[in-house]
Amino acid sequence: MNRLPPYGFLRLSQIIGDRRRDIPPIIPVGKSNWWEGVRSGRYPPAKKLSPGVTVWNVSDIRHLVDELQEPTVAPYPSPLAGRWGGTSTNSSQKEPSGHLRK
């Protein structure tokens, strides 16, 4: 983490690395895995500076690295969490163990 600037933005190649340009990864995942994580809320949301420039806040990446080192901390909340009945559960809807809900 000492190679991160104190503030500002990072491009995707600076986060996941780029072997062709000899940039080591901060978070070693593939490009499609990174974007899936952004969509699901596991990774922080991107900011568009212009049509061809997408960046992430350094502070968000620092926070993510800290969370990845401490697995007990919850990931970034998805902006879609709880919408459309997808991720939230109501304890009153839970069925007793061994029973299937109709």
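Everything below is about the structure printed above this text.
As a starting point, this report considers the structure included with it. (Residues numbered from 1 in each chain as written. Predicted model: local features only at pLDDT ≥ 70, side-chain atom pairs only at ≥ 80, totals over all residues. Heavy atoms only, no water.)

Here we take up the sheet that holds strand 3 (residues 53-57). Across the sheet, three strands lie side by side as 1-3-2; this open sheet has antiparallel pairing. In this open sheet, the two strands that pair with only one neighbour each are strand 1 (9-11) and strand 2 (47-50). Adjacent strand axes in the sheet meet at a mean angle of 45°, parallel and antiparallel pairs treated alike. By the bridge criterion, three bridges tie strand 2 to strand 3 in an arrangement that is antiparallel. Residue pairing for strand 3: Lys47 is matched across the bridge by Val55. Lying over the sheet, helix 3 (residues 58-69) contacts strand 1 and strand 3, oriented at roughly 55° with respect to strand 3. (Pairing = 2+ DSSP bridges. Helix = DSSP H or I, 4+ residues; strand = E, 2+ residues; numbered from the N terminus. Axes fitted to C-alpha atoms, helices over the stretch in contact; angles between N-to-C directions. Contact = heavy atoms within 4.5 Å.)

Within the sequence span of helix 2 (residues 31-40), burial applies to Trp34, Gly37 and Val38. Each buried residue of helix 2 sits inside an arc of 100° when the element is viewed along its axis, so together they form one side. The exposed residues of helix 2 that point more than 90 degrees off its buried face are Ser32 and Arg39. Taken from the residues just after helix 2, Gly41 is the one with a positive phi, measuring 95°. (Buried < 20%, exposed > 50% of the residue type's maximum accessible area, 1.4 Å probe, protein only. Arc of directions from axis to C-beta.)

As a further point, take the packing of aromatic side chains. As enumerated under the stated definition, the model contains three aromatic pairs in all. Between the aromatic rings of Trp34 and Trp56, the centroid separation amounts to 5.6 Å while the plane-to-plane angle is 80°, which identifies the pairing as edge-to-face. With a gap of 22 residues between them, Trp34 in helix 2 and Trp56 in strand 3 connect regions that are remote in the sequence. A centroid spacing of 5.4 Å and a plane angle of 55° characterise the contact between Trp35 and Trp56, whose relative ring orientation is tilted. With a gap of 21 residues between them, Trp35 in helix 2 and Trp56 in strand 3 connect regions that are remote in the sequence. You can call Trp56 buried: its relative accessible area is 0%. A network of ring pairs unites the aromatic residues Trp34, Trp35, Tyr43 and Trp56 as a single cluster. If you follow Arg42 out to its NZ or CZ, it ends over the ring of Tyr43, 5.0 Å from the centre. (Phe/Tyr/Trp six-rings, centres within 6.5 Å; stacked < 30°, edge-to-face > 60°. Lys NZ or Arg CZ within 6 Å of the ring centre and 35° of its normal.)

Turning our eyes to something else, we now look at the pattern of salt bridges. Tallied over the entire structure, the rule returns three salt bridges. Here Arg21 makes a salt bridge to Asp18, at a shortest N to O gap of 3.0 Å. Asp18 gets classed as buried once you look at its relative accessible area, which sits at 13%. For Glu36, the salt bridge is made with Arg39, and the minimal N-O distance between the two is 3.7 Å. Of the two residues, Glu36 and Arg39 are both situated in helix 2; the distance of three residues between them amounts to about one turn of the helix. Overall, the relative accessible area of 41% leaves Glu36 in the partly exposed class. (Salt bridge = Lys/Arg side-chain N within 4 Å of Asp/Glu carboxyl O.)

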